[in-house]
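What follows is the residue order along each chain.
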Amino acid sequence: MKKSAIRAWILYDWANSAYSTTVLAAVLPIFYAGVAAQGLSETTAASYLAYTHSIGMAMVAVISPLLGSIADLSGRKTTFLTWFALLGIVGTLGFALVGPGDWLLASALLVVTTVGFSGSLTFYDALLPDLVPSPKRDDVSAKGYAAGYIGGGILLAVNLLMIQQPHWFGMRDELAGTQLSFLTVGLWWLVFSLPLMRNVPNLPKQATGLTVGGYVRAASKRLRGTFKDIRRYPQLFRMIAAFWFYNDGINTIILMATIYGTTLGIGTSDLILALLITQFVGFPSTILLGKAATRLGSKRVLIGTLWTYVVIVLLGFGMSSALHFYILAVMVGLVQGGSQSISRTILSELMPPKRTGEFFGFVNITSKFSSIFGPFAFGLIGQITGNSRMGILSLLLFFGLGIAVVMTLNLNRGKADALRDVNDPFSSEPKPPVTA
């Protein structure tokens, strides 16, 4: 594959990370509670935002596997990515129209952007094995995540200036600055997505002569087979199971870190600065961990990052000051991108090459559903004990189970399983399961 296509693939992480950092992590939660949900109680506003996230994720979980399978059959992964990205971009631009009390519009737009953002990532991940040979996959995957950290961090810093110093940008007040930040995120996402849309070609069709309805029926049949076929790839199933556990822990840290810091009395400015630190530390460390995975082995480096998360949880339990929060932000930045990047690489290498869209769709749906347990355990234990510090300790279970399962992986056997049917990926003949 041309180097221009690989560079364009990496650049898409730079493009879409502006949404995940500015909109999802930093600005939208505060904007939703303080502006869009104006007139509602704080509890009601928080509940509406949580419900909105759940609706968007449920929609992604339902449609991703089917569309991933259609993309595999039609060879049109780039086309699907493009349409989902444009959906997310339009929704992000729409946030600029949200004013005080417009919680319903904000919720509708968040559902749209969630479907667009998460849907595009399903096809983005599935393109990796099409573009990059196995020996270079760790390095390229890491560069994608690293580009996302630096791109998202740069625009987040500018967006925070727009909000805190709106007159510098010709805006009348903080609300106008926030609305402008949404516009910049949408335009950033669009402009830096164009190289991928133009330079990463679709693949030849795996199934020809089908109508739209024919593709849907064929993909539906194939998707049903995915749930049965997963037993034929025992190492892939183990990796997916491990990913369910430790990714739930990682996502919980991402989602709950700010509110956990707030409960400990850490100021908003310190929390935001820590988020920026995580972004910029994540850039070089993700690249270095990608190179380390190539040299030392993906499994070994992944386990190392997960043990680092165990240390982060234990230190988070004893955290009592802004300085501690900064230290933890640096530690998260050191391993967050690397753990996710290496996970993507391992998953791609354990999947049948011509069914990556389908299987990444399967990972998407199952990981979305599994991701409810970490935040739920965090909140429940914290509520029962009356101490959020106890809630964070619950994450040790998720990382511990993830590490235990990863340690049982046999990557060489899993790669051989994935390549076994490369010449006949759609055979309907029953095949015996491979012994783990």
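Residues numbered from 1 in each chain as written. Predicted model: local features only at pLDDT ≥ 70, side-chain atom pairs only at ≥ 80, totals over all residues. Heavy atoms only, no water.

Draft legend 1. Up close: the packing of helix 10 (residues 298-317) against helix 15 (residues 395-406). At their nearest, the axes of helix 10 and helix 15 sit 10 Å apart, and the two run at 165° to each other. Regarding the angle of helix 10 to helix 15, the classification is roughly antiparallel. Helix-helix and strand crossings are classified by hand; for helix 10 and helix 15 the assignment is left-handed. Contacts from K299, L302, I303, L306, W307, Y309, V310, V313 and L314 in helix 10 reach L395, L396, F399, I403 and V406 in helix 15. Counted by class, the contact of helix 10 with helix 15 contains 13 nonpolar, no polar and one charged residues. (Axes fitted to C-alpha atoms, helices over the stretch in contact; angles between N-to-C directions. Helix = DSSP H or I, 4+ residues; strand = E, 2+ residues; numbered from the N terminus. Parallel < 35°, antiparallel > 145°, perpendicular 65-115°, else oblique. Left-handed = near helix turned anticlockwise from the far one by under 90°. Contact = heavy atoms within 4.5 Å. Nonpolar A, V, L, I, M, F, W, Y, C, P; charged D, E, K, R; others polar.)

Draft legend 2. Spotlight on the environment of G153. Tracing the backbone shows G153 in helix 5 (residues 134-164). Using a relative accessible area of 0% as the deciding quantity, one classes G153 as buried. For the pair G153 and G282, spaced 129 residues apart in sequence, the C-alpha separation works out to 9.8 Å. In this structure G153 touches G148, L276, Q279 and F280, once residues within four positions along its chain are discounted. (Buried < 20%, exposed > 50% of the residue type's maximum accessible area, 1.4 Å probe, protein only.)

Draft legend 3. The environment of L155, seen in detail. By secondary structure assignment, the location of L155 is in helix 5. When its relative accessible area of 5% is taken as the criterion, L155 is described as buried. Separated by 138 residues in sequence, L155 and S17 have C-alpha atoms that sit 9.4 Å apart.

Draft legend 4. Seen up close, the nonpolar core. Judged by nonpolar contacts, the single largest core of 57 residues is most densely connected at W9, Y12, F95, L131, W189 and L196. The set of elements that each furnish at least two residues to this core consists of helix 1 (3-36), helix 2 (42-74), helix 3 (77-94), helix 4 (103-131), helix 5 and helix 6 (174-199). Looking at this core, the element that brings in the most residues is helix 1, giving 18 residues. What W189 contacts, discounting residues up to four positions off in sequence, is Y12, A15, N16, Y19, A85, G88, I89, T92 and F117. If you look at the next biggest cluster of nonpolar residues, it comprises 51 residues, including A126, I266, V332 and V363. (Core = buried A, V, L, I, M, F, W, Y, C linked by side-chain atoms within 4.5 Å.)

Draft legend 5. Main features of helix 6. Along its 26 residues, helix 6 runs 39 Å from first to last C-alpha, staying within 8% of the 38 Å computed at 1.5 Å per residue. Of all the bends in helix 6, the greatest reaches close to 35° and is centred on S193; the proline P195 follows between one and four positions later. Where helix 6 starts, the residue carrying a side-chain oxygen 3.3 Å from the main-chain nitrogen of L175 turns out to be D173. (Expected span 1.5 Å × (residues − 1). Bend = angle between axes of the 7 residues up to and from the residue. Polar contact = N/O pair within 3.5 Å; in protein donor to acceptor, adjacent residues only side chain to side chain.)

Draft legend 6. Structural context of the pattern of salt bridges. By the definition in use, this model includes six salt bridges. A salt bridge links K143 to D139, with the nearest nitrogen and oxygen atoms 3.4 Å apart. Here K143 and its partner D139 are both found in helix 5, four residues apart, which amounts to about one turn of the helix. D139 gets classed as buried once you look at its relative accessible area, which sits at 17%. Between D173 and R172 there is a salt bridge, with its nearest N and O atoms 3.7 Å apart. (Salt bridge = Lys/Arg side-chain N within 4 Å of Asp/Glu carboxyl O.)

Draft legend 7. Representation of the packing of helix 3 against helix 6. One way to put it is that helix 3 packs onto helix 6 with a least axis distance of 8 Å and a crossing angle of 165°. Classified by the interaxial angle, the pair formed by helix 3 and helix 6 is roughly antiparallel. For the pair helix 3 and helix 6, the sense of crossing is left-handed. The segment helix 3 lies against helix 6, with T78, L81, T82, A85, L86, G88, I89, T92 and L93 engaging F182, L183, V185, G186, L187, W189, L190, L196 and M197. Here the residues of the contact of helix 3 with helix 6 are counted per class, giving 13 nonpolar, five polar and no charged.

Draft legend 8. Fine view of helix 16 (residues 411-420). Every buried residue belonging to helix 16 is among L411, G414, D417 and A418, and all of these are buried. Projected down its long axis, helix 16 carries its buried residues within an arc of 120°, all on one side. Taking the backbone nitrogen of N412 as reference, a side-chain oxygen 3.4 Å away marks N410 as the first, capping residue of helix 16. (Arc of directions from axis to C-beta.)

Draft legend 9. Molecular detail of the packing of aromatic side chains. Enumeration over the complete set of coordinates arrives at 15 aromatic pairs. Taken together, a centroid distance of 5.6 Å and an interplanar angle of 10° make the contact between W14 and W188 stacked. Taken together, the residues W14 in helix 1 and W188 in helix 6 connect sequence positions 174 residues apart. Residue W188 is classed as buried on the basis of its relative accessible area of 15%. Ring geometry for Y19 versus F117: centroids 4.9 Å apart, planes at 45°, classification tilted. Taken as a pair, Y19 in helix 1 and F117 in helix 4 lie far apart in primary sequence, 98 residues in all. Through a chain of ring-to-ring contacts, the aromatic side chains of W9, Y12 and Y124 assemble into a single cluster. (Phe/Tyr/Trp six-rings, centres within 6.5 Å; stacked < 30°, edge-to-face > 60°.)

Draft legend 10. Main features of the side chain of S120. For S120, the location among the structural elements is in helix 4. Note on S120: relative accessible area 0%, which makes it buried. Aside from chain neighbours lying at most four places away, what touches S120 is Y12, L81, F84, A85 and V115.

Function cannot be read off these values alone, since they describe shape.
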